[in-house]
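Coordinates in review
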Amino acid sequence: YLFKNSPVAKELTALVVSQVLKVDYKEIINNMKLISEDMLFSTKTLDSRTDMMLETDKYYVNIEFCYTRGSTRQKQMDSYVFEIFMSQLRKTQDYKSMKNILQIMIENYEYFGRGEFSYEVGFMEKKLHIPEDELITKFHLSLDNLKEMDYTSIINEKDVLKRLLYIFVCDEDSLDKAYRGDKFMEKVIKTAREIAGKEKIPLYLTEDEIRKLDREEAVQEGYDSGYDAGKRDGVALGVEQNRLEMIMNMYHDNVDINIIAKYSNLLVEDVEKIIEKNKE
């Protein structure tokens, strides 16, 4: 709600994106547009409604808020990135013109357990840690890390991104103290309170509420894994069909077999077998 349906939405979103990417704010605010939240690039996409999908002249940016952690949620996040990639392949044969895909996940937990506020994840050689491709990059931002700060420490915090996101973990009594004198964040807080009152939603979740959501997701995952096997098989079939379409599209566009293998997450010999079996 706060990022999309408020007077300060575009400014707040552009600030977060510019800070994550470490690019000039004006570059983002002047080019950013909100595009469809429904991932309709493929009729086979499941759970297709994103939290926020943006486009600039250089990037596709998917912003997701994750209050609970689970393998189902993570696979859903991955599917968004895959669909953006596929949609670009369908629109152009010029690979140089493809935009970078960036996924920003604002999480109520610490993804890698190393005590950091932010993590940047991309394709990288495992042993030497040498980056390979910048086309797809993920950013994990930990709200859990911010919970260790109190409002007195955020007042003089130099990290703009931390200040912008601290509102999601700051208790109601400390909000005004933490951001007193910050005209923009005072405007954000005012809007957040208006939204919370109108929609009857809290500005932040308590630890008990988070644990309740965690339990609910764990139960749901157990339910999914033990029930409706036919649906799971259908999902797997849909994923495989998407991958097959991608492989054959890239093959017909004369893409190098090694690149096809990389983006389909298969061995070269497996890709060759698929092409041989499905080529006209």
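A short tour of the structure in this document, coming up. (Residues numbered from 1 in each chain as written. Predicted model: local features only at pLDDT ≥ 70, side-chain atom pairs only at ≥ 80, totals over all residues. Heavy atoms only, no water.)

This part is about helix 1 (residues 9–21). In this model helix 1 runs 18 Å from its N-terminal to its C-terminal C-alpha over 13 residues, within 8% of the 18 Å that 1.5 Å per residue would give. Among the residues of helix 1, those classed as buried are Ala9, Leu12, Thr13, Ala14, Leu15, Val16, Val17, Ser18, Val20 and Leu21. Phi turns positive, to about 60 degrees, at Lys22, one or two residues after helix 1. (Helix = DSSP H or I, 4+ residues; strand = E, 2+ residues; numbered from the N terminus. Expected span 1.5 Å × (residues − 1). Buried < 20%, exposed > 50% of the residue type's maximum accessible area, 1.4 Å probe, protein only.)

For the rest of this paragraph, the subject is the environment of Ile154. Inspection of the secondary structure puts Ile154 in helix 5 (residues 151–155). A residue is classified by how much of its surface remains accessible, and Ile154, at 0% relative accessible area, is buried. Spatially, the C-alpha atoms of Ile154 and Cys170 are 9.9 Å apart, while their sequence positions differ by 16 residues. Contacts of Ile154, omitting those with residues within four sequence positions, involve Met149, Lys162, Arg163, Tyr166 and Ala178. (Contact = heavy atoms within 4.5 Å.)

Of all eight residues in strand 3 (residues 59–66), seven are buried, a share of seventy percent or more. Two elements, strand 2 (residues 52–55) and strand 3, share four bridges in a ladder whose sense is antiparallel. Bridging across to strand 3, Leu54 finds its partner in Val61. In this antiparallel pair of consecutive strands, strand 2 and strand 3, the connection spans three residues. The pairing of strand 3 with strand 4 (residues 100–107) spans eight bridges and is classified as parallel. Looking at strand 4, one finds that Asn62 is bridged to Gln103. (Pairing = 2+ DSSP bridges.)

Even without being glycine, Lys22 reaches a positive phi, approximately 60 degrees. With respect to the helices, strands and loops of the structure, Lys22 is situated in the loop between helix 1 and helix 2 (25–29). With a relative accessible area of 70%, Lys22 lands in the exposed category.

On the secondary structure map, Arg69 appears in the loop between strand 3 and helix 3 (71–91). The exposure class of Arg69 is partly exposed, given its relative accessible area of 44%. When the C-alpha atoms of Arg69 and Tyr109 are compared, they prove to be 7.5 Å apart, with 40 residues separating the residues in sequence.

Moving on: the side chain of Lys162. Its location among the elements puts Lys162 in helix 6 (residues 160–165). Summary of buried charges: Lys162 has no salt-bridge partner, and the nearest side chain of opposite charge, Asp159, is 4.7 Å away. Contact partners of Lys162, with chain neighbours within four places excluded, come to Phe117, Asn145, Leu146, Met149, Ile154 and Glu157. (Lys, Arg positive; Asp, Glu negative; His and termini not counted. Salt bridge = Lys/Arg side-chain N within 4 Å of Asp/Glu carboxyl O.)

Read across the open sheet, the six strands follow the order 1-2-3-4-6-5; overall the sheet is mixed. Two strands close off the open sheet at either side, each with one partner strand: strand 1 (33–34) and strand 5 (118–124). The strands touched by helix 1 within the sheet are strand 2, strand 3, strand 4 and strand 6 (131–142), with strand 3 carrying the most contacts at an inclination of about 105 degrees. Sheet strands touched by helix 11 (residues 257–264): strand 5 and strand 6. Its angle to strand 6, the strand with the most contacts, is close to 15 degrees. (Axes fitted to C-alpha atoms, helices over the stretch in contact; angles between N-to-C directions.)

We now examine helix 11. When we look at burial in helix 11, the residues that qualify are Ile260, Ala261, Tyr263 and Ser264. The N-capping residue of helix 11, defined by a side-chain oxygen 2.8 Å from the backbone nitrogen of Asn258, is Asp256. (Polar contact = N/O pair within 3.5 Å; in protein donor to acceptor, adjacent residues only side chain to side chain.)

Applying the stated criterion across every chain yields a total of three aromatic pairs. Where Tyr111 meets Phe112, the ring centres are 4.7 Å apart and the plane angle is 70 degrees; that geometry is what we call edge-to-face. Look at Phe112 and you get partly exposed, because its relative accessible area is 39%. With a centroid separation of 4.9 Å and an interplanar angle of 65 degrees, the aromatic rings of Phe112 and Tyr119 are classed as edge-to-face. An aromatic cluster of three or more residues is present, and its members are Tyr111, Phe112 and Tyr119. (Phe/Tyr/Trp six-rings, centres within 6.5 Å; stacked < 30°, edge-to-face > 60°.)

Now for the pairing of strand 6. Residues in a regular strand point their side chains to alternate faces of the sheet. With seven bridges connecting them, strand 4 and strand 6 associate as parallel partners. Bridge assignment links Ile101 to a residue of strand 6, and that residue is Ile136. Where strand 5 hands over to strand 6, the hairpin turn is made up of six residues, of which His129 adopts a positive phi near 55 degrees.

With that settled, the discussion passes to the nonpolar core. Counting 45 residues, the largest nonpolar core has Ile104, Leu165, Tyr166 and Ile167 as its most contacted members. With seven residues, the single largest contributor to this core is helix 1. Membership of the second largest hydrophobic core comes to 22 residues, among which are Ile84, Ile101, Leu135 and Ala261. (Core = buried A, V, L, I, M, F, W, Y, C linked by side-chain atoms within 4.5 Å.)

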